[in-house]
Amino acid sequence: MLATATIAEEILDLKSSRRAILLAHHYQEAEIQELADAVGDSLELARRARDFEGDVIAFCGVWFMAETAKILNPDRTVIVPDKAASCSLVEGCPAEPIREYRRRNPDHVIVSYINTSAEVKAESDIICTSRNAVDVVNSIPAHKTVLFLPDRNLGAYVQRQTGRANMKIWQGSCIVHATFPQRRLLEAMKTHPEAVVIAHPECPESVLQHAAFIGSTSALIDFCVKNAAREFIVMTESGVAFSLQKYAPNKKFYFVANENCNCSECPYMRLNTLEKLREALLNLEPRVDLDPELMRRAAVPIERMLAL
Ligand code: 13P
Ligand code: SF4
């Protein structure tokens, strides 16, 4: 490798020598998205991981997404630039209470958002993402009681969309979306009266009630590209600005700061950097390593979702 090679060139060289694919979530820094073989939402990246045929998946996203890729590719190496890239939804939903719930309620159907640990997935009947959560819940026979976990806002949104009464919802939340204050959204709507409001379903109802469109990360981007409006207030993580500007360069996008960081960035996603990605490809660490039996059990509800 040339001493003058830039870090991006080094990553691309390592990627080809490792027979690796670089998958990036929309919430990654632009410089990571620029190098990726695929940029997508959690469902698209899970599908892309399932269909991959090389040796290494370098997953630039958060740990649960990489775990999903590993479960779908038990014989391949899956690495993440920063092992600490977790998610507040995963942190707020440990496996033991879910195991206990399952023991006490064997006839209930556990629908788990993909933002859960492999251990929680292994206790679940079916996985969903923000893109297909309504369809997944609608696929469950009406007489069955559903436990939806772990996101309370997504769960409440799904319940409103499906009209399902027999649905219990775990009370976890996303530290980014759940803390977007309605007050700041109303101010942005006043400042940009022509702008169309769009939102991720992890936002609270006080925000969602103002949205003309609610959808997963990629669905929000598709909506802005296809919609005739020129301005949008985007109630999600600001990493989506990269694809929005790429695919709708003549439109304007406004983001609203949340109350945690006074920004709209996911602190877990943003732990990944180009430098850490290069080190990860060089050392094949940090690597997702899961017990084979756990992977086998967690694969069942994921495959059920992918088959829908
Ligand atoms: P998507 O399913 O839209 O990728 O969302 C994942 C996520 O973590 C949102 O905060
Ligand atoms: Fe988790 Fe929220 Fe970050 Fe998405 S934005 S990874 S839900 S903490």
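Residues numbered from 1 in each chain as written. Chains lettered and ligands numbered in written order. Predicted model: local features only at pLDDT ≥ 70, side-chain atom pairs only at ≥ 80, totals over all residues. Heavy atoms only, no water.

Student: Explain the state of the cysteines to me, using residue names and the numbers behind them.
Tutor: Scanning the entire structure with this criterion turns up one disulfide. Between the sulfur of Cys 261 and that of Cys 263 lies a disulfide, 2.1 Å long from S to S. Taking the sign of the torsion about the S-S bond as the criterion, the disulfide between Cys 261 and Cys 263, at about -95 degrees, is left-handed. On the basis of relative accessibility, which here comes to 22%, the residue Cys 263 falls in the partly exposed class. Cysteine Cys 203 is unpaired, with the sulfur of Cys 174 as its nearest cysteine sulfur at 8.1 Å. Exposure remark for Cys 203: the relative accessible area of 0% places this residue in the buried category. (Disulfide = S-S within 2.5 Å. Buried < 20%, exposed > 50% of the residue type's maximum accessible area, 1.4 Å probe, protein only.)

Student: Could you give me a rundown of the site of ligand 1, with the residues and numbers involved?
Tutor: Every residue lining ligand 1 is accounted for by His 25, Tyr 27, Asp 41, Ser 42, Tyr 113, Asn 115, Ser 130, His 177, His 200, Glu 202, Ser 216 and Thr 217. In the environment of ligand 1, an oxygen atom lies 2.8 Å from a nitrogen or oxygen atom belonging to the side chain of Ser 130. Within the contact set of ligand 1, an oxygen atom lies 3.0 Å away from a side-chain nitrogen or oxygen of Glu 202. For ligand 1, whose unbound accessible area comes to 300 Å², protein coverage reaches 96%. For ligand 1, the cavity whose grid points lie within 2 Å of the majority of its atoms is the largest cavity. (Near = heavy atom within 4 Å. Polar contact = N/O pair within 3.5 Å; in protein donor to acceptor, adjacent residues only side chain to side chain. Areas by Shrake-Rupley, 256 points an atom, 1.4 Å probe, with all protein chains shown as cover. 1 Å grid on protein atoms, 1.4 Å probe; cavity = no way out; pocket = protein on both sides within 12 Å on 5 of 7 lines; lining within 4 Å. Sits in = over half its atoms within 2 Å of the grid points.)

Student: Explain the packing of helix α3 (residues 42-50) against helix α15 (residues 292-307) residue by residue, including any values.
Tutor: Helix-helix packing: each pair is described by the crossing angle between the helix axes and the interaxial distance. Where α3 meets α15, the axes come as close as 12 Å, and the angle between the chain directions of the two elements is 105 degrees. What the angle tells us is that α3 and α15 run roughly perpendicular. Each of Leu 43, Arg 47 and Arg 50 in α3 lies in contact with α15, whose residues at this interface are Glu 303, Met 305 and Leu 306. Class assignment for the residues of the contact of α3 with α15 results in three nonpolar, no polar and three charged. (Axes fitted to C-alpha atoms, helices over the stretch in contact; angles between N-to-C directions. Helix = DSSP H or I, 4+ residues; strand = E, 2+ residues; numbered from the N terminus. Parallel < 35°, antiparallel > 145°, perpendicular 65-115°, else oblique. Contact = heavy atoms within 4.5 Å. Nonpolar A, V, L, I, M, F, W, Y, C, P; charged D, E, K, R; others polar.)

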